[in-house]
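Chain by chain, the residues:
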Amino acid sequence: MKTFEKLTLSALTALLISGCGSTGDILSTPVENIDNTPLKISNLTKAEKHNWGHLDLANDTIPGMGVDKAYNDIIKHKKGKTVIVAVIDSGIDIDHEDLDDVIWTNKKEKPNNGIDDDKNGYIDDVHGWNFLGDGYNEQLEFVRILASKDTNHPDYAKAKAEYDEEYQKYTSYKTNYEQTLQQVTTADNGIAKHLGKTNYTKKEVNAIKTEDQTLQQYASIIKYVYSLDMESVAEFKKELNDGLESITDRLNYNLNITFNGRVNGDDPNDMSTKFYGNGNVKPVKKSESHGTHVAGIIAAERNNGKGANGVANHVKIMSIRAVPNGDEYDKDIALAIRYAVDNGASIINGSFGKYYSPHSDWVRDAIAYAGKNDVLFINAAGNESTNLDTKNVFPNDAINNGEEVSNTFITVGALAPKYGSNMVADFSNYGKINVDVFAPGADIYSTTPENEYDTKGGTSMAAPGVAGVAALIRSQYPNLKAAQVKQIIMDSGLAIPSKVVVGGDTSNVKPFKDIVKSAKIVNAYNALIMAAKMSK
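The shown structure was predicted, so the numbers you read here are calculated from the model rather than taken from an experiment. (Residues numbered from 1 in each chain as written. Predicted model: local features only at pLDDT ≥ 70, side-chain atom pairs only at ≥ 80, totals over all residues. Heavy atoms only, no water.)

Section: the overall build of the chain
No. 1: Along the backbone of the chain there are 15 helices and 15 strands.
No. 2: Expected size for 536 residues packed as a compact globule is a radius of gyration near 24 Å; at 24 Å, the chain falls within 12% of this value.
No. 3: C-alpha extents for the chain along the principal axes are approximately 75 × 65 × 45 Å.
No. 4: Within the span of the chain, comprising 536 residues, buried residues form 54% of the whole.
No. 5: A total of about 23400 Å² of accessible surface is found on the chain, and carbon and sulfur atoms cover 48% of it. (Helix = DSSP H or I, 4+ residues; strand = E, 2+ residues; numbered from the N terminus. Rg over C-alpha atoms; globule rule 2.2 N^0.38 Å. Buried < 20%, exposed > 50% of the residue type's maximum accessible area, 1.4 Å probe, protein only. Areas by Shrake-Rupley, 256 points an atom, 1.4 Å probe, with all protein chains shown as cover.)

Structure below.
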């Protein structure tokens with residue numbers, strides 16, 4: 001990997017004092033400065049793991065967004081304007097201990113009276129709207145094409161080929177996960193019996209000396225688990241069980257041609273009906289945790305002594321439930337965007353996506369509507385290690401690299417918590433034309449339903465980090481327009497001039513500037529400095 005130009009740490013963190021108060025210089029790229037600032041090579045501590053997306057690359061050599069530095073050096077105790085961020089997702093646990101004080105309330109609507117008090121067409125939309133009704137599981141879009149039995153559909157053959165490949169792949173995954181879980185469980189029980197305790201440590205396993213080949217095999221399996229940077233065998237077993245649940249859902253619902261999850265009574269192909277669903281914006285079940293996790297990344301209550309800190313303060317989260325466990329319907333997304341715009345959101349987070357979209361024009365029209373109304377849309381790039389300049393993913397603001405319908409649409413790729421050639425998360429989509437910036441997305445700790453917390457990874461986690469930075473800017477500098485906020489986020493990031501591994505494939509190494517439009521990773525500290533200058 002190419003070594004960066006040398007810069008001293010003091011040069012990276014210098015402050016520029018102006019007559020209107022203290023602001024800092026835009027940081028040069030924190031160099032992989034072996035001589036002056038050694039890279040972090042030890043494993044992250046638990047605290048660092050839970051907060052790495054907020055750390056500072058220059059100070060910590062972890063590719064976070066400099067959020068803590070922004071609060072400590074710039075925001076401090078400054079008051080800001082309250083910003084409404086709409087989270088279009090799977091629903092949010094609005095009663096969560098770390099979210100309950102940051103949930104948007106529609107003050108024009110009287111709760112649970114069965115009347116559309118504000119006359120916006122949605123009855124009892126107190127904290128947002130639920131376009132899915134009681135629905136949860138859904139097919140993938142290409143499975144819907146097969147379910148239609150329309151062999152003349154232009155994508156039918158392609159959908160059939162993809163279905164056959166996906167079904168075989170996930171069937172194999174299920175077998176592998178079940179076998180691995182069984183082996184680890186057996187080994188775990190064997191080691192626990194040998195040591196006389198269930199909460200044994202890595203050191204105790206390494207100290208086992210035995211001629212018993214079965215016990216040797218158990219110890220070998222458990223040592224391998226610890227080599228995966230797991231805090232415990234229980235953590236690994238939980239990951240296996242969670243993965244197995246996801247794989248089973250994929251087979252039983254997402255890839256099930258005979259399954260129909262649309263239970264809200266609405267026709268997703270008829271845009272003449274708009275007012276369906278209900279005002280219950282919470283998840284249908286505890287495992288439907290995606291939206292709650294996303295909301296926490298943006299705005300979990302800061303410094304309250306509980307699980308996680310959100311990126312932004314002075315935020316109210318509007319919950320719009322439109323993303324099922326499967327592919328979303330274009331109609332639901334288009335209406336969700338318009339609902340957010342019409343009800344006061346200035347930022348929309350969209351951590352969802354798919355590769356088939358029968359009514360993508362409806363969604364693009366809504367994205368254009370958001371742009372015309374000064375609303376920023378933060379979009380997750382997707383998790384298939386795909387070059388989005390060669391393959392359309394939806395939603396998007398342009399087809400086939402054509403003219404964009406909005407200048408307020410930002411697509412975000414995901415970073416992993418290690419600076420250097422492997423800093424791009426191996427799952428993240430990318431694209432010099434269609435991905436605007438990268439931000440922390442792998443192994444992000446945040447809120448989950450019923451006052452719990454968990455670590456999740458995906459561009460779904462990178463997008464809300466950027467939405468949080470956008471909210472900080474719009475809160476501190478409310479005179480700036482959405483298009484200016486987009487420009488700031490892209491221009492103020494840290495430029496990465498080195499080469500990176502793309503898609504987790506060590507044979508695919510590219511200059512970072514060739515996989516993202518801005519050639520930068522998002523930095524909240526720099527963004528606020530640039531916003532201060534632009535707002536003047």
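Digging into empty space enclosed by the protein
No. 1: Inspection of every chain in the model, using the stated rule, returns five cavities of 30 Å³ or more.
No. 2: What the largest cavity holds in volume is close to 120 Å³.
No. 3: Residue lining of the largest cavity: 14 residues in total, with Leu388, Val393, Asn396, Ala398 and Asn434 positioned closest to the centre.
No. 4: Classifying every residue of the lining of the largest cavity gives five nonpolar, seven polar and two charged.
No. 5: In this structure, the second largest cavity spans a volume of roughly 70 Å³.
No. 6: In this structure, the second largest cavity is lined by Leu132, Gly135, Tyr136, Asn137, Glu138, Gly261, Arg262, Val263, Asn264, Pro324 and Tyr329. (1 Å grid on protein atoms, 1.4 Å probe; cavity = no way out; pocket = protein on both sides within 12 Å on 5 of 7 lines; lining within 4 Å. Points joined across faces, edges and corners; volume = space filled by probe spheres on them. Nonpolar A, V, L, I, M, F, W, Y, C, P; charged D, E, K, R; others polar.)

Thoughts on the confidence of the model for the chain
No. 1: Per-chain confidence: the chain averages 91 in pLDDT, with 92% of residues scoring 70 or above.
No. 2: Contacts of residues 1-23 to residues separated by more than four positions or lying in other chains number 55 contacts, the stretch itself having pLDDT below 50.
No. 3: For residues 28-36, every residue scores under 50 in pLDDT, and the model assigns this stretch 34 contacts once sequence neighbours within four places are set aside. (pLDDT = per-residue confidence, 0-100. Contact = heavy atoms within 4.5 Å.)

Description of the pattern of salt bridges
No. 1: A full pass over the atoms with the stated rule returns 25 salt bridges.
No. 2: The residue lysine 169 makes a salt bridge to glutamate 166 at a minimum N-O spacing of 2.9 Å. You can see lysine 169 and its partner glutamate 166 sitting in helix H6 (residues 156-195), three residues apart, about one turn around the helix.
No. 3: Judged by its relative accessible area of 31%, lysine 169 falls in the partly exposed class.
No. 4: Among the charged side chains, a salt-bridge network with shared partners connects Glu138, Glu141, Arg144, Asp330 and Lys354. (Salt bridge = Lys/Arg side-chain N within 4 Å of Asp/Glu carboxyl O.)

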